[in-house]
Amino acid sequence: MRSVLTALGIIIGVGAVIAMVGIGNGAKAQVETQIASLGQNVILIFSGSTTSSGIRTGWGGAGTLKIEDAEAIRREVPGVIGVSEEVVSTTQVAAGNQNWFTRVYGESADYFDIRQWPLADGAPFTPQDVRSANKVCVIGRTTATQVYGNEDPVGQILRIKEVPFTILGVLTPKGLSTQGVDQDDIVIMPYTSAMKRVLGGTNLRNINVQIGDGRQIEAAQQQIISLLRQRHNIRPGRDDDFTVRNQQEIAEAATETSRVMTVLLGAIAGVSLVVGGIGIMNIMLVSVTERTREIGVRMAVGAHGSDILTQFLIEAVTLSSVGGVIGIICGIGASRVLSIYAHWPTLISISSIAIAFLFSAAVGVFFGFYPARKASALDPIEALRYE
Amino acid sequence: MNNGALVKLADVHKTYRTGEMEVHAVRGVSLEIRPGEFVALMGASGSGKSTLMNILGCLDRPTSGHYMLDGADVSGLDRDRLADIRNRKIGFVFQNFNLLPRTSARENVELPLVYSGQRLTNAQLREKADLVLGSIGLAGREDHHPSQLSGGQQQRVAIARALINDPEVVLADEPTGNLDSRTSIEIMGIFQQLNERGITIIMVTHEQDIANYAQRNVVMRDGVVLSDRAVTQRLNATREIQNIATSASDDGT
């Protein structure tokens, strides 16, 4: 009974470590899938910021990226397999007597390949549609449901700023983004159509570039920077009026956040493991005192100090390891429950189980050593006389 | 060189220091015990007999003087070497039995073998322990725990444990102190049998009745040997038990 209570400290500690690290890893894995959904080997170029009269605009704020810039990249940077000029706006859309406020994206026909975003229904717009600035679009699942309900939107007319667009297709749902934005609440049309018929203007918010070979990303990024600096006549020493990010940098920033969270959760759980270890030390000290006579007898019949030390160490490690195993089972159970009822994604790796187990065994050695040491140093005469 | 003595104490002193006080528990004891002897070490409490017993049992080291056991000087050995000597050459029997609780009689007896450094299989351990338990009249009780055994039976288990490593000498510290008189005589009977088989026995007791089962009585007082003499009217345990049995049946008629 007493051993069970002692082991409980370790059980809770290990269980907490497993569950917390599981939650952290789950969050990290979720972020990673979302980053991957940006597309593979993608470089993002944002316009801005420029400094005009001392006021700096944010990314995409100043219209420094032109359609010609995108064409130059397509033409001159080696390894580029897709370029999508992007403009973004939010606006009211309507069909029949339904209307909905949503985001409108203007893109090139490459966009669906770059984002690896296939259509669930219908077909995407073509390069021809882009060249001719045709009044066509594809819509996300959320927009489709909000405007058309259960009706099939493909082939229907969607009025955007009173301009009728033909819906060519419906995108496969992507769910929420890292920032919690519904990625399916969207209308995507040729960027030419967006510029001419919806937004006006000739500036791009950003350019998405896809590189064929991941190893060329760094080189391509450098080339894009020097190409754009040259095109924008930026003298050496002056700041860029655009920002280039590759997907890996974005991924690293996002996973760094969740990694910090994992470490933090793990550290908190680790504290409870240490508390559990102190519990083991306590019970082992009590046990050494209670079994002083036994220790005396063992020494009288020829046990060395090292034999006694080993015996008590093994007991402490057994206690903490058994606690560790039960804790691992509890931790797995707890994270299952969390992912089912709280809808938190959890991910339990073999390595976190192995580390938790080894750590609990190490706690046994660490906190068992002092009591074991005390037992082995007893004087056999005193120990035999102990009542 | 050792004149055939198994145990030889030469001017052994033991001084304890408790705070500022120095206690001279043993003040110059010289003693020789030959193989096959059965010696009772007697004396009142405070006479130094327990201290001397601890030294004889290699549980303690003399402050000065020499202790030769089986021809080797053991007075200057370190803890681990003393533990090895205790394991191989000395068997202990205590007043309060000192068996491990929640541990079967067999496992208690196996204990010194476990620490002997011989790598024995569980089957070998078991075989040896059962053999010794059987020789001491405990066949069939090998799996009993101490709490399931009477005082006499527990002391037999302790004797079996003392014998398992074929020691040179068995040291018994008040072996009958916690036993009734009849069981005490039975235990003395076992000691006499063992002694007839050639085992050397040194027994601490303060009861003259019990000391009379030994061959030789050494009496201590104030840390020195007061007298050392052979027992003239030695008691025989087998006969004493028969006497008790007859007197009991006499009372019955």
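Please read all numbers here as calculations on a predicted model, not as lab measurements.

Cut-off values and rules
Residues numbered from 1 in each chain as written. Chains lettered and ligands numbered in written order. Predicted model: local features only at pLDDT ≥ 70, side-chain atom pairs only at ≥ 80, totals over all residues. Helix = DSSP H or I, 4+ residues; strand = E, 2+ residues; numbered from the N terminus. Buried ≥ 20, exposed ≤ 12 C-beta atoms within 10 Å, placed from the backbone. Contact = placed C-beta atoms within 7 Å. Pairing = 2+ DSSP bridges. Domains from an automatic or database assignment. Nonpolar A, V, L, I, M, F, W, Y, C, P; charged D, E, K, R; others polar. Expected span 1.5 Å × (residues − 1). Axes fitted to C-alpha atoms, helices over the stretch in contact; angles between N-to-C directions. Parallel < 35°, antiparallel > 145°, perpendicular 65-115°, else oblique. Left-handed = near helix turned anticlockwise from the far one by under 90°.

Asker: I keep staring at the overall build of chain B and nothing clicks. Help me out?
Answerer: Summing up its helical and strand segments, chain B has eight helices and ten strands in all. Seen along its three principal axes, the alpha-carbon backbone of chain B occupies a region of about 55 × 50 × 40 Å. Evaluated residue by residue, chain B yields a buried proportion of 42% over its 253 residues. A separation of at least 24 residues holds for 69% of the contacts in chain B among residues at least 6 apart in sequence.

Asker: Sorry if this is basic, but what is going on with the pairing of strand β8 (residues 136-139) of chain A here?
Answerer: Residue and element names in this part refer to chain A. Every second residue of β8 is oriented toward a common face, with Val136 and Val138 on one face and Cys137 and Ile139 on the other, all of them buried. Strand direction decides the pairing type here: β8 and strand β11 (residues 186-190), joined by two bridges, are antiparallel. Bridging from a neighbouring strand, Ile139 pairs with Val187 of β11.

Asker: Would you take a moment to explain the domain arrangement of chain A for this structure?
Answerer: Bring the parts together and some accessible area is lost; that lost area is often taken as the interface size. Taken domain by domain, chain A comprises domain 1 (2-33 + 252-385) and domain 2 (65-240). For domain 1 of chain A and domain 2 of chain A, the distance between their C-alpha centroids amounts to 54 Å.

Asker: I tried to follow the interface of chain B and chain A on my own but got confused; where do I start?
Answerer: Counting residues at the interface gives 17 residues for chain B and 15 residues for chain A. The element best represented in the side of chain B that touches chain A is helix α2 (residues 79-89) of chain B, accounting for six residues. The residue makeup of the side of chain B that touches chain A, split by class, is seven nonpolar, four polar and six charged.

Asker: For this particular structure, what's the right way to read the environment of Thr63(B)?
Answerer: All names here are of chain B. With respect to the helices and strands, Thr63 occurs in the loop between α1 (49-56) and β4 (64-69). Given 16 C-beta atoms within a 10 Å radius, Thr63 is considered partly exposed. Distance from Thr63 to Tyr16, taken between C-alpha atoms, is 8.8 Å for residues 47 residues apart in sequence. Look past the residues within four positions of Thr63 in its chain and what remains in contact with it is His13, Lys14 and Thr15.

Asker: Can you help me understand helix α6 (residues 181-196) of chain B in this one?
Answerer: Three- or four-residue spacings in an α-helix give side chains the same orientation, since the helix completes a turn every 3.6 residues. With 16 residues, α6(B) should reach 22 Å at 1.5 Å per residue; the first-to-last C-alpha distance of 22 Å fits that figure. Of the residues one or two after α6(B), Gly198(B) is the one with positive phi, at around 100°.

Asker: I would appreciate a short explanation of the sheet that holds strand β8 (residues 200-204) of chain B in the present structure.
Answerer: Where strands meet in a sheet, backbone hydrogen bonds hold them as pairs that are either parallel or antiparallel. Residues and elements named next belong to chain B. One open sheet accounts for six strands, arranged β6-β7-β8-β3-β9-β10; its pairing is mixed. What marks the edges here is a single partner per strand, and that holds for β6 (90-93) and β10 (224-230). Between one strand and the next, the sheet's axes are offset by a mean angle of 20°, whatever the strand orientation. Across the sheet, helix α5 (residues 151-163) touches β6 and β7 (169-173), and the angle it forms with β6 is around 170°.

Asker: Quick question: what am I supposed to make of the sheet that holds strand β2 (residues 21-33) of chain B here?
Answerer: Residue and element names in this part refer to chain B. Taken in spatial order, the four strands make up an open sheet running β2-β1-β4-β5, and their pairing is antiparallel. A strand with exactly one partner marks an edge of an open sheet, and here the two such strands are β2 and β5 (72-73). Alignment of strand β1 (residues 7-18) against β2, held across ten bridges, turns out to be antiparallel. The residue bridging Thr15 from the neighbouring strand is His24, located in β2.

Asker: Would you explain the packing of helix α3 (residues 105-114) of chain B against helix α4 (residues 122-135) of chain B in this entry?
Answerer: Between two packed helices, what matters for the description is the angle formed by their axes and the separation of those axes. All names here are of chain B. Taken N-terminus to C-terminus, the directions of α3 and α4 make an angle of 110°; their axes are 9 Å apart at the nearest point. Considering their axes alone, α3 and α4 lie roughly perpendicular with respect to each other. Here the hand of the crossing between α3 and α4 comes out right-handed. In this structure, α3 contributes Ala105, Arg106, Val109, Glu110 and Leu113 to the contact, and α4 contributes Leu125, Arg126, Lys128, Ala129, Asp130, Val132 and Leu133. For the contact of α3 with α4, the residue count by class is seven nonpolar, no polar and five charged.

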